Amino acid sequence: MSAIIYIEGGGDHNENLATQFRRSWKKFFEAADLQGNLPRVVRGGSRDDTFKRFASAVRHPEPKRLPLLLVDSEDAINAEQSVWSFLQIHDGWTKPEVATEGQAFLMVQTMETWLVADRTSFQRYFGPNFNAAALPNWQNLEAVPKRDLFESIKKATRQCSTPYAKGKVSFELLAAIQPQQVSAACPHAKRLLDHLAQAG
């Protein structure tokens, strides 16, 4: 059985961005060395739409395809808290009856957390005008509030020829970062990548 992963985001109604979203996630998973167990990526769109698409896929599964959900947490998550418990409290989402605990995953606290986890690739993308001093070397990256993270990224890339922005820039970065660095800094990323590596 292979995975089909419904991921939050993807450029809304811009088909070019939607295509880049899928390609960038594919490159990220290819770089993760998943032993041939590459998931099929589905652009979820908005947060609620992503959950709805996942829930529908769980209720009407494709043959030999295991639906997975991947969304931002937007907040810190307690280490003892399950993903579905968090999503129930944070979003009011009820786990589909036929879904398991192992089908929901989080980017804690946001996709940008994963992007800065590979600091070397992140800085290389923005070039010589990148202000490294404006981006702290956080020891617990998943604990950094989304607001603080975005403010630091904004300051660090302000003088760059292409400052950070969601969309084209964020997808190009996703395709450039090393999943091993993300996995080492972000336990929830490791959980997803370990799960995918063992699938099949």
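What counts and how
Residues numbered from 1 in each chain as written. Predicted model: local features only at pLDDT ≥ 70, side-chain atom pairs only at ≥ 80, totals over all residues. Heavy atoms only, no water. Buried < 20%, exposed > 50% of the residue type's maximum accessible area, 1.4 Å probe, protein only. Helix = DSSP H or I, 4+ residues; strand = E, 2+ residues; numbered from the N terminus. Pairing = 2+ DSSP bridges. Contact = heavy atoms within 4.5 Å. Phe/Tyr/Trp six-rings, centres within 6.5 Å; stacked < 30°, edge-to-face > 60°. Axes fitted to C-alpha atoms, helices over the stretch in contact; angles between N-to-C directions.

**Some words on the pairing of strand 2 (residues 40–45)**
Taking burial as the measure, the 6 residues of strand 2 include 5 buried ones, the bulk of the element. Pairing between strand 1 (residues 2–8) and strand 2: 5 bridges, direction parallel. Bridged to E8 within strand 2 is G45.

**With respect to the environment of W114**
Here W114 shows up in helix 4 (residues 111–117). Placed 11 residues apart in sequence, W114 and Y125 show a C-alpha to C-alpha distance of 15 Å. Filtering out sequence-adjacent residues up to four positions away, W114 remains in contact with W25, F28, L70, L106, M107, V108, I177, V182, C186, A189 and L192.

**Some points on the packing of aromatic side chains**
Under the defined criterion, the tally for this structure stands at 13 aromatic pairs. Where W25 meets W114, the ring centres are 6.1 Å apart and the plane angle is 75°; that geometry is what we call edge-to-face. With W25 in helix 1 (residues 15–31) and W114 in helix 4, the pair connects residues that are 89 residues apart, well separated along the chain. Here W25 matches W114 in class, with each residue buried.

**Some remarks on the sheet that holds strand 3 (residues 65–72)**
Read across the open sheet, the 4 strands follow the order 2-1-3-4; overall the sheet is parallel. Whereas interior strands pair on both sides, the edge strands pair on one side only; in this sheet they are strand 2 and strand 4 (104–107). Strand-to-strand twist of the sheet, defined as the mean angle between neighbouring strand axes without regard to direction, takes the value 25°. On the sheet, helix 2 (residues 47–59) packs against strand 1, strand 2 and strand 3 and is oriented at approximately 165° with respect to strand 3.

On their own, these measurements won't tell you what the molecule is for.
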